[in-house]
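The chain contents come next:
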Amino acid sequence: MNNNCRKNKKFCLNKLQNDGYRLTNSREAVIQVLSNSQKHLSIEEIFLETKKIHSNAGIASIYRTLDLLVELGFVHKLEFGEGKARYEIINQNNKNINHHHLVCTKCGLIIDYDELLDEEIETSKRTVNKLEKQYEFTIQKHNIQYFGICKNCNK
Ligand SMILES: [Zn+2]
Ligand SMILES: [Zn+2]
């Protein structure tokens, strides 16, 4: 576990407790699994990994934990067009500078990038402002993903 992971895990656990949520074994295990992973995990993957830490963890409680973590803003729930959700922990060090995704539609490779975020944030702020005014709609979040073919699949 690198420093970042440890920090993310500790942050989530503390925040849960401070907000009055019980730290059950399965909650802690799910948070540990997400903190350890650099990948975007599906529910099946989270389930298998969580089982290794806490063998009694049931799929239903893992679903509930994930919903809670998403609601509290610790975890991103992502859809990459596979018909199933994937989850990744939000880096608590630098909440504003997260990353966006390039998704290969052939092999499912997901590339995280953060080089162009400043420009993207600028543009999306302008877009959000305009849309909110025009449609009297409060935008809470948005999701930038690009779908295409990766280098390997292009060969
Ligand atoms: Zn590919
Ligand atoms: Zn990602």
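Structure shown above.
Residues numbered from 1 in each chain as written. Chains lettered and ligands numbered in written order. Predicted model: local features only at pLDDT ≥ 70, side-chain atom pairs only at ≥ 80, totals over all residues. Heavy atoms only, no water.

Colleague: Help me out: how do you make sense of the coordination of the zinc ion (ligand 1) in this one?
Modeller: For a metal bound by four donors in tetrahedral geometry, the ideal donor-metal-donor angle is 109.5 degrees, whereas six donors in octahedral geometry ideally sit at 90 or 180 degrees. Taken together, the protein donors to the zinc ion (ligand 1) comprise C104 (SG), C107 (SG), C150 (SG) and C153 (SG), at separations of 2.3 Å. Taken together, the four donor atoms coordinating the zinc ion (ligand 1) and their angles of 103 to 114° define a geometry best described as tetrahedral. Taken in sequence order, the residues that donate to the zinc ion (ligand 1) follow the motif C-x2-C-x42-C-x2-C. For C150, a relative accessible area of 10% corresponds to the buried category. Residue C153 is classed as partly exposed on the basis of its relative accessible area of 21%. (Donors = N, O, S within 2.8 Å, 3.2 Å for Na, K, Ca; no water. Tetrahedral: all angles 85-135°; square planar, octahedral: opposite > 155°, others 65-115°. Buried < 20%, exposed > 50% of the residue type's maximum accessible area, 1.4 Å probe, protein only.)

Colleague: Can you walk me through the nonpolar core in this structure?
Modeller: For soluble globular proteins, the rule of thumb is that nonpolar side chains tend to be buried together. Formed by 20 residues in total, the largest nonpolar core has its most connected members in V30, L34, I46, I62, L66, L69 and Y87. For this core, the secondary structure elements donating two or more residues are α1 (3–18), α2 (25–36), α3 (43–53), α4 (59–71) and β3 (85–89). The residues touching L69, leaving out its near neighbours within four places in the chain, are V30, I31, L34, F74 and V75. (Core = buried A, V, L, I, M, F, W, Y, C linked by side-chain atoms within 4.5 Å. Helix = DSSP H or I, 4+ residues; strand = E, 2+ residues; numbered from the N terminus. Contact = heavy atoms within 4.5 Å.)

Colleague: Could you clarify how one ought to interpret the sheet that holds strand β5 (residues 110–113) in this entry?
Modeller: Each strand in a sheet pairs with its neighbour through backbone hydrogen bonds, running either in the same direction (parallel) or in the opposite one (antiparallel). Taking strand neighbours across the sheet as the criterion, the three strands line up as β5-β4-β6 in an open arrangement whose pairing is mixed. Edge positions in the sheet fall to β5 and β6 (145–148), since each has one partner strand and no second. On average, each strand axis in the sheet is inclined to that of its neighbour by 20°, with strand direction left out of account. Inspection of the sheet shows strand β4 (residues 100–104) paired to β5 by four bridges, in the antiparallel sense. (Pairing = 2+ DSSP bridges. Axes fitted to C-alpha atoms, helices over the stretch in contact; angles between N-to-C directions.)

Colleague: Looking at this structure, how should I read the side chain of E88?
Modeller: Considering the arrangement of structural elements, one finds E88 in strand β3. As a buried residue without a salt bridge, E88 has its nearest oppositely charged side chain in R86, at a separation of 10 Å. At a separation of 3.3 Å, a polar atom in the side chain of E88 contacts the side chain of H101. Apart from the residues within four sequence positions on either side, E88 is in contact with K39, H40, F74, V75, H76, L78, H99, H101 and D112. (Lys, Arg positive; Asp, Glu negative; His and termini not counted. Salt bridge = Lys/Arg side-chain N within 4 Å of Asp/Glu carboxyl O. Polar contact = N/O pair within 3.5 Å; in protein donor to acceptor, adjacent residues only side chain to side chain.)

Colleague: Any chance you could explain the pattern of salt bridges here in plain terms?
Modeller: If the charged atoms of two oppositely charged side chains come close together, the side chains can form a pair. The full count for this structure, using the stated rule, is four salt bridges. A salt bridge links E49 to K52; its shortest N-O distance comes to 2.9 Å. A residue pair is termed a helical-turn pair when its members lie 3 or 4 positions apart in one helix, as E49 and K52 do in helix α3 at three residues. For E49, a relative accessible area of 35% corresponds to the partly exposed category. For R86, the salt bridge identified is with E82, shortest N-O distance 2.9 Å. Note on R86: relative accessible area 11%, which makes it buried.

Colleague: What is the right way to read the environment of L48 from this model?
Modeller: Here L48 shows up in helix α3. The class for L48 is exposed, based on a relative accessible area of 56%.

Everything listed is a geometric property; what it means functionally is a separate question.
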